[in-house]
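Survey of secondary and tertiary structure
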Number of protein chains: 4
Amino acid sequence: MMVVLGELGGRDEYSLVEALKQGKVNKPVVAWVSGTCARLFKSEVQFGHAGAKSGGEMESAQAKNQALKDAGAVVPTSYEAFEAAIKETFEKLVEEGKITPIKEVKPLQIPEDLNSAIKSGKVRAPTHIISTISDDRGEEPCYAGVPMSSIVEQGFGVGDVISLLWFKRSLPRYCTKFIEICIMLCADHGPCVSGAHNTIVTARAGKDLVSSLVSGLLTIGPRFGGAIDDAARYFKDAYDRGLTPYEFVEDMKKKGIRVPGIGHRIKRGDNRDKRVELLQLFARTNFPSVKYMEYAVQVETYTLSKANNLVLNVDGAIGSLFLDLLAGSGMFTKQEIDEIVEIGYLNGLFVLARSIGLIGHTFDQKRLKQPLYRHPWEDVLYTK
Amino acid sequence: MMVVLGELGGRDEYSLVEALKQGKVNKPVVAWVSGTCARLFKSEVQFGHAGAKSGGEMESAQAKNQALKDAGAVVPTSYEAFEAAIKETFEKLVEEGKITPIKEVKPLQIPEDLNSAIKSGKVRAPTHIISTISDDRGEEPCYAGVPMSSIVEQGFGVGDVISLLWFKRSLPRYCTKFIEICIMLCADHGPCVSGAHNTIVTARAGKDLVSSLVSGLLTIGPRFGGAIDDAARYFKDAYDRGLTPYEFVEDMKKKGIRVPGIGHRIKRGDNRDKRVELLQLFARTNFPSVKYMEYAVQVETYTLSKANNLVLNVDGAIGSLFLDLLAGSGMFTKQEIDEIVEIGYLNGLFVLARSIGLIGHTFDQKRLKQPLYRHPWEDVLYTK
Amino acid sequence: MMVVLGELGGRDEYSLVEALKQGKVNKPVVAWVSGTCARLFKSEVQFGHAGAKSGGEMESAQAKNQALKDAGAVVPTSYEAFEAAIKETFEKLVEEGKITPIKEVKPLQIPEDLNSAIKSGKVRAPTHIISTISDDRGEEPCYAGVPMSSIVEQGFGVGDVISLLWFKRSLPRYCTKFIEICIMLCADHGPCVSGAHNTIVTARAGKDLVSSLVSGLLTIGPRFGGAIDDAARYFKDAYDRGLTPYEFVEDMKKKGIRVPGIGHRIKRGDNRDKRVELLQLFARTNFPSVKYMEYAVQVETYTLSKANNLVLNVDGAIGSLFLDLLAGSGMFTKQEIDEIVEIGYLNGLFVLARSIGLIGHTFDQKRLKQPLYRHPWEDVLYTK
Amino acid sequence: MMVVLGELGGRDEYSLVEALKQGKVNKPVVAWVSGTCARLFKSEVQFGHAGAKSGGEMESAQAKNQALKDAGAVVPTSYEAFEAAIKETFEKLVEEGKITPIKEVKPLQIPEDLNSAIKSGKVRAPTHIISTISDDRGEEPCYAGVPMSSIVEQGFGVGDVISLLWFKRSLPRYCTKFIEICIMLCADHGPCVSGAHNTIVTARAGKDLVSSLVSGLLTIGPRFGGAIDDAARYFKDAYDRGLTPYEFVEDMKKKGIRVPGIGHRIKRGDNRDKRVELLQLFARTNFPSVKYMEYAVQVETYTLSKANNLVLNVDGAIGSLFLDLLAGSGMFTKQEIDEIVEIGYLNGLFVLARSIGLIGHTFDQKRLKQPLYRHPWEDVLYTK
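Residues numbered from 1 in each chain as written. Chains lettered and ligands numbered in written order. Predicted model: local features only at pLDDT ≥ 70, side-chain atom pairs only at ≥ 80, totals over all residues. Heavy atoms only, no water.

1. Points about the relation of the copies chain D and chain C
Here is the rule: When the copies are superposed, the least-squares fit takes in the C-alpha atoms of residues with a pLDDT of at least 70 in both.
Least-squares fitting of chain D to chain C yields an RMSD of 0.2 Å, with the superposition described by an axial translation of 0.2 Å and a rotation of 180°. Taken together, the rotation and translation relating the two chain copies correspond to the operation of a two-fold axis. No C-alpha of chain D lies nearer the rotation axis than that of Val214 of chain D, which sits 3.0 Å from it.

2. As for the pattern of salt bridges
Applied cut-off: By salt bridge we mean one thing: a side-chain nitrogen of Lys or Arg within 4 Å of a carboxyl oxygen of Asp or Glu. Secondary structure follows DSSP: runs of H or I at least 4 residues long count as helices, runs of E at least 2 residues long count as strands, and numbering of each begins at the N terminus. For each residue, the accessible area found with a 1.4 Å probe, counting protein chains only, is set against the maximum for its type, and the residue is called buried under 20%, exposed over 50%, and partly exposed in between.
A full pass over the atoms with the stated rule returns 80 salt bridges over all chains. With a shortest N-O distance of 2.7 Å, Lys236 of chain B and Asp338 of chain B are connected by a salt bridge. Taken together, the residues Lys236 of chain B in helix α10 (residues 227–240) and Asp338 of chain B in helix α15 (residues 334–343) connect sequence positions 102 residues apart. For Lys236 of chain B, a relative accessible area of 9% puts it in the buried group. One salt bridge connects Glu96 of chain C with Lys98 of chain C, and the closest N-O pair in it is separated by 3.3 Å. By relative accessible area, which is 60% here, Lys98 of chain C ends up exposed. Sharing partners across several salt bridges, the network here consists of Lys236, Asp240, Lys334 and Asp338 of chain A.

3. Some remarks on the interface of chain A and chain D
Put simply, the rule is: The contact definition used throughout considers only heavy atoms, calling two residues in contact when any of these lie within 4.5 Å. Each of two parts loses accessible area, computed with a 1.4 Å probe, when they are put together; buried area is these two losses added.
Counting residues at the interface gives 51 residues for chain A, matched by 51 residues for chain D. Roughly 4300 Å² is buried in total at the junction of chain A and chain D, and carbon and sulfur atoms are behind 58% of that figure. Three residues, Arg124, Cys192 and Arg223 of chain A, lead the burial of chain A against chain D; their summed loss comes to 16% of the area buried on that side. In this assembly, chain A and chain D are joined by zero salt bridges.

4. Looking at the packing of helix α10 (residues 227–240) of chain D against helix α16 (residues 345–367) of chain D
Residues and elements named next belong to chain D. Put simply, the rule is: Angles here are taken between N-to-C directions and fall from 0 to 180 degrees, while the axes themselves are lines fitted to C-alpha atoms, restricted in helices to the stretch in contact. For classification purposes, an angle smaller than 35 degrees is called roughly parallel, one larger than 145 roughly antiparallel, one from 65 to 115 roughly perpendicular, and anything else oblique. Here a crossing is called left-handed whenever its near helix is offset anticlockwise from the far helix by less than a right angle, and right-handed whenever the offset is clockwise.
In the contact formed by α10 and α16, the axes pass within 8 Å of each other and the chain directions differ by 160°. Comparing their axes, α16 and α10 come out roughly antiparallel. At the point where α10 passes α16, the crossing takes the right-handed sense. Mapping the contact onto sequence places Ile228, Asp229 and Ala232 in α10 and Leu346, Asn347 and Phe350 in α16.

5. Notes on the relation of the copies chain A and chain D
Note on the identical chains: chain A maps onto chain D by a rotation of 179° and an axial translation of 0.1 Å, with an RMSD of 0.5 Å. Comparing contact sets, 100% of the residues at the interface of chain A also lie at the interface in chain D, consistent with an isologous, same-surface contact.

So this is what it looks like as structure tokens:
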């Protein structure tokens, strides 16, 4: 006879079912697959989170038991009844003369569990993932080494958490406040821009919040939302290479690239953008240095001499001031600043900020119970 | 002869090209398609943003001109040369005796442009989209009626902007501060959870920030990130229906649903979660009422009598306190609160918060220059 | 008195509600907002599809009616009762001596509906979208001009539909059959690759099919799934520039780029990949020319002289043969082929093909009722 | 002295760097971290695919070497120079009298590598993922046990691959041909529907193919693309419960649900949809039973008696015939069919099919070089 105590995730049970069905196993089989051993794996038992999971495991174990039973195995109704089932089957075989009891032997060594083998130093397993920004293994998660409760206790703000998780250091409060201001200024720009539009269309298709948000986020890139990042990149390059505003603007013109961060639909040299003025005021009051912003202002002076609407806009102000934040804080090496600009952290700032607006638009359409959107035929040129 | 002054987006040019090719038009055609009339459409000329677009338009106009030329039309090299080309072609036809000039006639009325027709009240067009949360048509965007510069000037925080864009009202500062604390507490939970994991895998596939973020966000739902929303929903339902903690917990048990917001991997009744205590302290100090939270605490008292790890966790604390925020502020009707809970605003809070962490993980992997991830074969059970 | 017959989507009703609330309108108001006029808009009445929508519209109309009623207007219970309500209110006012009936006057011209104004040539509206591949305005949709029923009737296959919608022409059957073979070969590559892995994680988070599929698709890019596209691009460039295999391979080596499409984990020069042989056989039998493939084979001959596993693999075979398909069919200009390679049609082929596998993995995990995935802590290196 | 031969992914090197920096290690350190040992891990060495990866690994190894060097370790320029560097450092220490050579000792047992430990049966590791549909571990991938080359050799079509990966069995050719017809019929429905619209907007934002496709896919759900699935579900439920067409339709009416699969914008009882007729012809010719379709036709007969446009449409035909495919093939148990309908395989069919169209729209917009889309302000009702 064969006695099987099955585990979740093990390989053997289904092979056995197969073998039973194909008649390859002729001996009586007494089997039990338990869902409760999940208890042994520490990483998967968070009460609360784990509801759906445990349900899945139970069903998985039940499915195995059922499959074994269907294939002809003796399967008790509970683990408690397992021993009795084994004994009963065994004694029946003895009684029928099919087997003769032999003396007990010392069992072979069973394979050791991976985690204990690692702990005892017998085995080492290479890790497949490296991570440096946060750690959830202790009593409470840490962001860049700072425990979450300490973040609350110290009265930190959203900008401080961004500082820890993105920059891996605790920037001074004027820096993190500036990050918060940027998020507020970029949080939304009406329902007509690509991002909000796609989010609205998806929400109106009756889809969930995440799908609606995501459908809009995917439009963020070179043409939508990229101006802040571009402004930072170009201003940095021009300033670091020592170009005069004249050289910079004319060089861009020659390449056929509009200067990002310059120009406004309504605002003029004699009707400045209040938001830009507020950002400049904040930086002049708090930043140790605003050299990149001053450079952007000089560029603006030159472009205004060419057309009255070529003012420094919000994108340009944020882009240049972010460079001042990085350089002025004294907490980053030159190489780190280059890396931050290259990876595109400012794009991350825009993406996070605009998520607030996109989630808002989703809620808005759901509140308004708007129906499925269909673009009007009349607005499409069907051609070849 | 035929004179054509083409526009971006018009239907006619390609029909003409077709007709010329098929020999349906035999008269000489003088044509010019201009990309510069884009200037006339106010909504599409934001300097800076519009770089890529205008480039596209120029090419579109050029493509039309090329197509017309290829089909045999006379196409000048610039708009300025258009008049001369018309005159030349006309005079050539007169000279060849193919046409005889006639007296000028008053031209037929041309169709009016839609926008001017709407303004003059002659035509009305139904709008296809309704939006209520933000407006970008003026000098600067407004969130729920509040101009962006005013938001900066008043020293608002990220929570205040969320209040305006999601709740369409200016909640008191203790409410928006509470929202900010929730965002900070939910910003990340390490690299092993579904969301961070998928984001890491996508970033390691060399994909851009938005794709990496989005791949992780899509795992947020019933099993990952849903506990706060569930806690709010169940606690609200139980409290509003007047269930005692005993009735609530036993009722959930009977339905086979674990109580969301209760239970912790490490924390115990005699080793409480500091974050929960901080949230409770904040609320007791600032909220006019914490009736839902007190209810959650009573539930915890009962569950602790059953097992020592069944403590109120962060999810449960946030979920119940958010109900107190809504009810206690006095700024929402009962119906509005029901709608907010039904639509799932708390899920929005989690999604926004966790975006900070997911963006952080993307930056982290890019900084670490991690290669393509491939799940190890050894960790997969291949079965039938 | 004021009589209002409201429409879905109109601007006026909510302004009126506002005015009533603010006491700006003191006259009695009789109002009705009808959801049934939706019938008039041809584009939104597809029975079947429109269920959810009409529901939304009804609620929208009802919401307006309710808002008007709440603001003090007289709102009947149905459109049929509208006339009576007007009459009743009017007569009540006459009776109360508040108004005196006057003689009927000819009403002012009301604004014309946009669509009829366009039809009658009075107004023209620029279209905002151009589309060329399919048209759904007639009795049945057309793909590149071919009606869908004709596609079925002619016994077309999936490759033929791709030919129409992507290439806008009806390629010969041997081409579309080749496209189908590529799709079949790329449909899946096991559960361990980035795409399948993320799809599996998302499906196990209990998310819907589209979210699961999408989370996996987002990993497709330069490092995962990009080899076919790269192979086509590099082979085309090398062949078109007339490089010998030696020059090509050594040039790539100098640049530090591995030759895409060359190399296999198991296959060797003396144990060729059967799939590659089948593709080559198909192409040699059916394609008028296989010059790019022959070039790839010459490259393989050279790389095999360096290492025995540097065989032409499936990616390289598909990439080079796709170039032969385009060039050999005689249906594309050189410029069109360049555009197709530049836009990345082969990436589209991979994305479409792998969607079959990703959807399969989603179904698989749902069938298996797998619980929430959490990456094991032990597999992560937490560092700084 | 300390000699370190580092590995990719190991924990030790960075700890050492840290220790060196903190002065905790004072002995001379000779170190080398090699990127080439990646060769040892079989799962990560596919030449071709692995280009980007290996690059990443090299950089990772180089980064470690650099960090060690910066921290003061002796790091040679290549592995070949490692031995010499050890010897040199050692001899220098001997020379300086800082160390005295001792006799060789037998080294302690080092931890065994996980994979070899598993193979030798010493350790067992639980698998975290179960997968049943495809296997990529052998010489070539297998779909449901069928090797890819065999799929090509047998002249299989796309429908057959879907059959293997979704249904895990080889359905008869008339079934897989029917699946292909459904894909062709659902491949596109013009640029105005939610999915195509969002894809077009994202492509026009300059985003890549996958982002554009995905942004459109996310609109597929209850209101867009859900009719086929709904038709199958409702027809199955009604037929299996034995409802007469009259009972079914009136029951739906009572619940306020429109019958999915019934109704057409243009088609009428006396102008039937040719596509539906072709599907019916195919099924009547090839299917062993069309009982569900006949039921749908009876429902249509009843609805046509109420209104002339309430014809069976393509969604209804596909939905009902798919049930006939499952039931008629005799290859599924009743329970399996219920599971297939519950999981929503038909939705998968629509999603896959429409991906063809969405990819086509992306290519179309890129070919047309369309600029950033911005929804016209005039089409939005800004309200409160």
